[in-house]
Amino acid sequence: MERLDDEGQWIVLMGVVVATGMFILAIIINQAPMVGQSTSEAVLEFPKNEIQDIRYHLAPLAQLDNSSESNKTIDRAKKDMRALSMARNNAVMYFETNSTTNMADLFYRYNRLTIRYNNGVTEYYEEHLVSVRLP
Amino acid sequence: MSRRMDFNEDGVLSIDFLAGFTIFMIALIMVISMLPGILAGIQSEAIDYDAVAYRTSVILVEDPGWPANPPWNQMDEIHKADIERMGLALSKDTPNILSRGKIDLFFDNGAAFTMTPDDYRRKVIFGDIPYLYNFSLRIEGEDPLFKGQEIPESSYGYQRRLVKVKNESFGHIDFSDGRYSTNTEARNGSEVTPYEASFFVDIDYGELYDRSISPAYRIDPRSDMLTFDMEKMLSDLDRVQLGDNGMKLEKVRLYKIQDGGSAQMLPYNWSDWNNETYIFYHGTEANYKASKLLDSSVFPITIKNETYFKMDLIPALPFSDEMTSGLRVNFTFSYNWTGANLDPGYTYLSGTHQYNYDVINVDQPYLVDGVMEVAIW
Amino acid sequence: MVMNDEGQLYTIEGITAGIIMLVTAYAVFSSGFVFTPGDAHIADMQLQQLGYDALLVMDTPLHAGDESRLQELIASSDVTPFTTEFNSYLSKGTGATYMINPLTFTVDTRTQWNATIYYRDMDDSDKIRSYSFGHSTLGDDFVTREPAISVTRYVYLDDKPINLNHISTEAYQKMDDPQEGQMVLFEVLLWRG
């Protein structure tokens with residue numbers, strides 16, 4: 001009985017060898033999608049294009065003067081973009097323009113534009129001066 | 001008997017060992033499951049290539065490169081090492097809008113010097129591995145531009161980008177279109193012939209360099225080529241008075257317009273006409289490229305019906321970093337009148353053509369579609 | 001007795017080996033590793049970038065101060081030209097890689113898409129409404145399609161689009177025509193066909 005015990009062990013050993021092989025192979029194979037996934041998820045999650053889009057559309061708004069008509073335009077855009085970004089991009093988006101700054105030089109007046117964006121993963125804040133050509 | 005006992009004990013030890021090893025394996029599995037990033041260093045190359053291709057495309061399409069101001073494409077060959085990053089975008093605020101000057105240098109499309117494969121690896125791909133690459137750009141209506149090696153059948157990183165390319169401004173001065181009739185003045189015949197008079201093309205840097213206009217549509221004398229042409233000089237003039245060879249272009253000179261409006265001639269060597277600041281072409285409209293003017297020996301140029309001039313002002317234009325100044329191109333024509341001086345008198349060209357944001361004066365910069373493919377392997 | 005024992009021991013060892021392998025396999029396959037093909041996510045990333053690029057170039061005017069092509073098409077509710085032009089943007093290449101049609105530089109005809117315009121309801125609440133703005137050949141199939149990537153772009157409209165009731169009567173009734181212009185969100189779902 002003890003002798004037979006000894007002979008049978010190669011089966012268990014083979015099992016272990018196969019299991020080890022399978023395990024190591026699985027690890028190696030799995031690294032590929034993992035790296036691809038993390039690179040791609042990082043790219044997909046980071047709202048680079050959304051922020052570029054917002055900046056593109058806000059720059060001309062920030063160049064407007066302080067008239068009641070431009071304030072209406074800015075107000076409307078503010079409400080539209082806030083509601084749309086919340087509903088479709090799951091992001092809180094807020095911006096403010098200030099055309100009453102007294103910053104100016106020989107050629108330009110400078111309006112302040114503040115952008116806040118937060119989609120839960122990425123938080124973006126920007127404050128910059130938009131040049132308006134003096135007549 | 002003792003031998004059998006030995007075997008028996010060996011067997012027991014093996015099972016013992018296996019049990020221990022299995023527990024160890026299970027533990028190892030659990031540990032590795034819990035730390036998925038533990039072996040992240042092992043990478044699949046095909047995946048890595050895609051990430052590199054994506055990164056490279058972002059640098060090319062969305063980044064203006066470094067140095068950005070003045071743009072890196074204005075470096076000469078000696079200072080090539082100062083170029084740190086070759087982004088093709090016009091500015092950081094205008095992603096996907098590419099600059100012609102940067103494209104021409106990057107794709108070696110008639111540029112003053114070329115980049116080596118090593119330059120492409122160090123200044124745009126980045127990374128320790130000497131990647132192979134293929135960059136290509138096709139601007140709508142033009143031949144595609146390529147840089148790099150032939151793309152293999154498979155396993156390369158890839159990214160396709162859609163872009164716009166800024167076409168630079170062009171001023172057409174056509175004296176037959178009626179707008180320049182007011183530039184035709186009359187003289188009474190008491191002057192000495194040949195009579196000399198000037199026609200100016202004025203470039204007001206302060207007006208052009210307007211930061212409230214997006215760089216995509218700005219005529220920027222510091223980074224854009226300014227081009228204008230001139231034709232049909234004779235159309236509003238009295239042909240009988242001038243005769244066949246009565247009008248000649250005596251000289252072309254560049255002046256700096258000062259703050260107050262006074263102009264001062266630039267101290268260039270006026271015998272060299274194909275240099276890094278300006279190129280002057282003359283001929284007929286169909287063949288002007290064949291007759292790039294090289295030296296001043298052709299002056300004075302007799303003006304015929306079909307005579308055509310074109311001038312390229314190459315960035316950065318002289319003094320273009322001084323916003324309060326400007327550049328004047330002064331065309332001095334001479335007139336040799338014959339025949340009777342009838343009313344309203346001898347006619348000649350005068351006045352100024354403003355190179356500015358007025359669409360009547362200058363064809364404004366515009367954007368054309370393009371597509372770029374980046375392959376890395 | 002002895003013969004019986006022999007058989008049972010082989011079985012026990014076999015079962016042990018099997019259990020070891022099964023447990024390993026189970027642990028490996030269920031340990032949270034993702035077994036999707038490696039390039040599936042990469043294609044998503046490439047597709048997303050391409051989609052954003054296509055909307056960006058369509059929303060960039062030719063000359064300063066002009067209306068962009070996208071604004072023009074939305075303002076006139078021209079779905080058919082949009083479909084043609086958006087398809088051509090998605091499919092074109094430079095010629096460096098394999099082309100399906102070298103004459104038109106077509107490199108990709110697989111990508112499917114479906115476009116929707118989102119706008120704020122005219123009652124000045126934050127209610128968002130939408131109407132469809134075209135799709136690719138197989139782009140209306142939401143049942144058997146692959147997982148999609150969403151790309152968006154804000155578009156500024158001076159006026160309420162004309163001919164809107166041909167596309168959506170609801171949008172025609174609920175969309176505001178503010179004096180001061182409005183922002184709408186143009187969303188495109190993209191997937192590999």
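The rules behind these values
Residues numbered from 1 in each chain as written. Chains lettered and ligands numbered in written order. Predicted model: local features only at pLDDT ≥ 70, side-chain atom pairs only at ≥ 80, totals over all residues. Heavy atoms only, no water. Helix = DSSP H or I, 4+ residues; strand = E, 2+ residues; numbered from the N terminus. Buried < 20%, exposed > 50% of the residue type's maximum accessible area, 1.4 Å probe, protein only. Contact = heavy atoms within 4.5 Å. Areas by Shrake-Rupley, 256 points an atom, 1.4 Å probe, with all protein chains shown as cover. Pairing = 2+ DSSP bridges. Axes fitted to C-alpha atoms, helices over the stretch in contact; angles between N-to-C directions. Expected span 1.5 Å × (residues − 1). Buried area = accessible area lost by both parts, 1.4 Å probe. Salt bridge = Lys/Arg side-chain N within 4 Å of Asp/Glu carboxyl O. Polar contact = N/O pair within 3.5 Å; in protein donor to acceptor, adjacent residues only side chain to side chain. Nonpolar A, V, L, I, M, F, W, Y, C, P; charged D, E, K, R; others polar. Patch = residues over 30% accessible without salt bridge, like charges linked within 9 Å, V, L, I, M, F, W, Y side chains within 5 Å. Lys, Arg positive; Asp, Glu negative; His and termini not counted. Charge placed at Lys NZ, Arg CZ, Asp CG, Glu CD. Parallel < 35°, antiparallel > 145°, perpendicular 65-115°, else oblique. Left-handed = near helix turned anticlockwise from the far one by under 90°. Phe/Tyr/Trp six-rings, centres within 6.5 Å; stacked < 30°, edge-to-face > 60°. Lys NZ or Arg CZ within 6 Å of the ring centre and 35° of its normal.

What to know about the overall build of chain B
Step number 1: Each helix and strand in chain B was counted, giving 6 helices and 17 strands.
Step number 2: With 377 residues in all, chain B has 50% of them scored as buried.
Step number 3: In chain B, once contacts between residues fewer than 6 apart in sequence are set aside, the share between residues at least 24 apart is 76%.
Step number 4: Total accessible area computed for chain B in this model is approximately 17400 Å², and 53% of it derives from carbon and sulfur atoms.

Points about the overall build of chain A
Step number 1: Within chain A, the secondary structure is distributed over 3 helices and 3 strands.
Step number 2: Going from the N terminus to the C terminus, chain A shows its helices and strands as α-α-α-β-β-β.
Step number 3: Here chain A holds 135 residues, and 46% of them are scored as buried.
Step number 4: Sequence separation of 24 or more characterises 46% of the internal contacts of chain A that already satisfy a separation of 6 or more.

Overview of the sheet that holds strand β11 (residues 278-284) of chain B
Think of a sheet as strands paired side by side through backbone hydrogen bonds, with each pair either parallel or antiparallel.
All names here are of chain B.
Step number 1: Spatial ordering of the open sheet is given by β5-β8-β13-β11, a layout of 4 strands whose pairing is mixed. The strands lining the two open edges of the sheet, one partner per strand, are β5 (170-174) and β11. Here the average twist between neighbouring strands, direction ignored, is 15 degrees.
Step number 2: Looking at chain direction, β5 and strand β8 (residues 226-231) are connected through 5 bridges and run parallel. Of the residues in β8, the one forming a bridge with D174 is E231.

With respect to helix α3 (residues 68-88) of chain A
All names here are of chain A.
Step number 1: Under the 1.5 Å per step criterion, the end-to-end length of α3 is 30 Å for 21 residues, consistent within 8% with the ideal 30 Å.
Step number 2: Those residues of α3 that sit buried are S70, T73, I74, R76, A77, D80, M81, A83, L84 and S85.
Step number 3: Within two residues after α3, N90 carries a phi angle of roughly 50 degrees, on the positive side.

A look at the interface of chain C and chain B
Step number 1: Contacts between the two partners involve 34 residues from chain C, matched on the other side by 38 residues from chain B.
Step number 2: Roughly 3100 Å² of surface becomes buried between chain C and chain B when both sides are summed, with 63% attributable to carbon and sulfur atoms.
Step number 3: Applying the counting rule to chain C against chain B returns 3 salt bridges.
Step number 4: As a salt-bridge pair, R160 of chain B and D108 of chain C come within 3.7 Å of each other at their nearest N and O atoms.
Step number 5: Where chain C packs against chain B, one counts 15 residue pairs in polar contact (both at pLDDT 80 or more).
Step number 6: It is helix α2 (residues 39-58) of chain C that contributes the most residues to the side of chain C that touches chain B, 10 residues altogether.
Step number 7: Residue composition of the side of chain C that touches chain B, by class: 17 nonpolar, 13 polar and 4 charged.

With respect to the pattern of salt bridges
Step number 1: Here the structure, examined in full by the defined rule, presents 37 salt bridges over all chains.
Step number 2: For K166 of chain B, the salt bridge is made with D224 of chain B, and the minimal N-O distance between the two is 2.9 Å. Of the two residues, K166 of chain B sits in strand β4 (residues 157-167) while D224 of chain B sits in the loop between α5 (205-208) and β8, which places them 58 residues apart along the sequence. Grouping residues by exposure puts K166 of chain B and D224 of chain B together as buried.
Step number 3: Salt bridges linked by common partners bring K48 of chain A, E62 and R161 of chain B together with D53 of chain C together as one network.

Here we look at a negative patch on the surface
Step number 1: Taken together, the side chains of D66, E67, D158, D159 and D177 of chain C make up a negatively charged region of the molecular surface.
Step number 2: Its place among the elements puts E67 of chain C in the loop between α2 and α3 (69-75).

Digging into the packing of helix α2 (residues 48-62) of chain A against α3 of chain A
Residue and element names in this part refer to chain A.
Step number 1: At a minimum axis distance of 11 Å, the contact between α2 and α3 shows a crossing angle of 165 degrees. As judged from the angle between their axes, α2 and α3 are roughly antiparallel. Two packed elements cross with a definite hand, and for α2 against α3 that hand is left-handed. Contact residues: I54, L58 and L61 in α2; T73, I74, A77 and M81 in α3.
Step number 2: Grouping the amino acids of the contact of α2 with α3 by side-chain chemistry returns 6 nonpolar, 1 polar and no charged.

Remarks on the sheet that holds strand β2 (residues 133-139) of chain B
All names here are of chain B.
Step number 1: Here 5 strands make up an open sheet; going across it, the order is β1-β4-β17-β2-β3 and the pairing mixed. Each edge of the open sheet is held by one strand with a lone partner, namely β1 (97-99) and β3 (145-148). Pairs of neighbouring strands in the sheet enclose a mean axial angle of 30 degrees, with direction left out of account.
Step number 2: Running at roughly 80 degrees to β2, helix α4 (residues 117-125) makes contact with β2, β3 and β17 (366-376) of the sheet.

As for α4 of chain B
Step number 1: Listed as buried for α4 of chain B are D119, Y120, R121, K123, V124 and I125 of chain B.
Step number 2: Of the residues flanking the end of α4 of chain B, it is F126 of chain B, one or two places downstream, whose phi is positive at about 60 degrees.

Let's talk about the packing of aromatic side chains
Step number 1: Scanning the model with the defined rule gives 26 aromatic pairs over all chains in all.
Step number 2: Plain terms: the ring middles of F106 of chain B and Y120 of chain B are 5.0 Å apart, the flat faces sit at 90 degrees to each other, and that makes the pair edge-to-face. Placement of the pair is F106 of chain B in helix α3 (residues 100-106) and Y120 of chain B in helix α4, with a sequence separation of 14 residues. Of the two residues examined, F106 of chain B and Y120 of chain B, each falls in the buried class.
Step number 3: The interplanar angle of 55 degrees and the centroid separation of 5.8 Å between the aromatic rings of Y268 of chain B and Y278 of chain B together place this pair among those described as tilted. Placement of the pair is Y268 of chain B in the loop between β10 (263-265) and β11 and Y278 of chain B in strand β11, with a sequence separation of 10 residues.
Step number 4: By way of ring pairs, the aromatic residues F106, F107, Y120, Y133 and F135 of chain B are connected into one cluster.
Step number 5: Note that K78 of chain A overlies the ring of F95 of chain A, its terminal NZ or CZ placed 5.8 Å from the centroid.
Step number 6: A cation sits over an aromatic face here: R328 of chain B above F200 of chain B, 4.1 Å from the ring centre.

What about the pairing of strand β13 (residues 307-313) of chain B?
Residues and elements named next belong to chain B.
Step number 1: Counting buried positions over the 7 residues of β13 gives 7, a clear majority of the element.
Step number 2: Side-chain alternation along β13 places T307, F309, M311 and L313 on one buried face and Y308, K310 and D312 on a second face that is also buried.
Step number 3: The pairing of β8 with β13 spans 6 bridges and is classified as antiparallel. Along β13, the bridge assignment pairs M230 with F309.

No statement about biological role is implied by the geometric values presented.
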